[in-house]
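For reference, the chains in residue letters:
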Amino acid sequence: METLGINIGSTSLKMVLLDNGAVRWSAAAPHEGDFHAVVKKLLAEGNVKPGIKALVTGNEGRFMFNLTGTLEPLCVEAALRLPGAGGKLQGAPDAVVSMGGEDLIVYRLDETGKIVNNFSGNKCASGTGEFLKQQLARM
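The model shown is predicted, which means the values in this text are computed figures rather than measured ones. (Residues numbered from 1 in each chain as written. Predicted model: local features only at pLDDT ≥ 70, side-chain atom pairs only at ≥ 80, totals over all residues. Heavy atoms only, no water.)

A.B. asks: Got a minute to help me understand the layout of surface pockets in this structure?
C.D. replies: Over the atoms, a rolling probe the size of a water molecule traces out where space has been left empty. Estimated volume of the second largest pocket: approximately 160 Å³. Every residue along the wall of the second largest pocket is listed here: Leu4, Ile6, Val39, Leu43, Val48, Lys49, Pro50, Gly51, Ile52, Ala54, Phe65 and Leu67. Going through the elements one at a time, strand E1 (2-8) and helix H1 (35-45) are the ones with two or more residues in the lining of the second largest pocket. (1 Å grid on protein atoms, 1.4 Å probe; cavity = no way out; pocket = protein on both sides within 12 Å on 5 of 7 lines; lining within 4 Å. Points joined across faces, edges and corners; volume = space filled by probe spheres on them. Helix = DSSP H or I, 4+ residues; strand = E, 2+ residues; numbered from the N terminus.)

A.B. asks: Honestly, the sheet that holds strand E4 (residues 53-57) in this entry has me stumped. Any pointers?
C.D. replies: Note on sheets: strands pair through backbone hydrogen bonds, and any given pair is parallel or antiparallel. One open sheet accounts for five strands, arranged E3-E2-E1-E4-E5; its pairing is mixed. Edge positions in the open sheet fall to strand E3 (22-30) and strand E5 (68-69), since each of these has one partner strand only. Where strand E2 (residues 12-19) and E3 come together, eight bridges link them in antiparallel fashion. Opposite leucine 18, over in E3, you have valine 23 as the bridge partner. Here H1 sits on the sheet and contacts E1, E2 and E3; the angle it forms with E3, its principal contact strand, is near 145°. (Pairing = 2+ DSSP bridges. Contact = heavy atoms within 4.5 Å. Axes fitted to C-alpha atoms, helices over the stretch in contact; angles between N-to-C directions.)

A.B. asks: Any chance you could explain the pattern of salt bridges here in plain terms?
C.D. replies: When the charged atoms of two side chains with opposite charge come close together, those side chains can pair. Inspection of the entire model under this criterion finds one salt bridge. Put simply, glutamate 2 and arginine 24 hold a salt bridge, and the shortest N to O gap is 1.9 Å. Taken together, the positions of glutamate 2 in strand E1 and arginine 24 in strand E3 put the pair 22 residues apart, joining distant regions of the chain. For glutamate 2, a relative accessible area of 22% corresponds to the partly exposed category. (Salt bridge = Lys/Arg side-chain N within 4 Å of Asp/Glu carboxyl O. Buried < 20%, exposed > 50% of the residue type's maximum accessible area, 1.4 Å probe, protein only.)

A.B. asks: Any chance you could explain H1 here in plain terms?
C.D. replies: Listing the buried residues of H1 in full gives Phe35, Val38, Val39 and Leu42. Seen end-on, H1 carries its buried residues on one side only, within an arc spanning 105°. Along H1, exposed side chains directed more than 90 degrees from the buried face belong to Lys40 and Ala44. In this structure, the buried residues of H1 make contact with E1, E2 and E3. One or two positions beyond H1, positive phi appears at asparagine 47, with a value near 55°. (Arc of directions from axis to C-beta.)

Shown next as structure tokens:
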């Protein structure tokens, strides 16, 4: 069964298409506030068929779509439970960093992969994720 995950962040839109839990396709693109145009572009790029079961997360535009929405921490926990997720990591992680255009969040995990605490930057740190993204691109 195919399912589609969409994350609408403050600066970019990300999609992942799963086929029976395995990643078949993924993409990310800046949206510059035009969520609908970028969704259409990425859906066409990924050859995503109409009627597919989808889930949307992210604070910026998730309420603009008639889709089931959820909170990012739940998606982080679910991703850590995916078959093969642990195989790509060396040992069990004790933290996950979510870096966006306007925020940076560190989720602390217990030994089962459940989020037990989180730390986020205050509004003075807004843009931290975008800054780090630019520096990584330069390297």
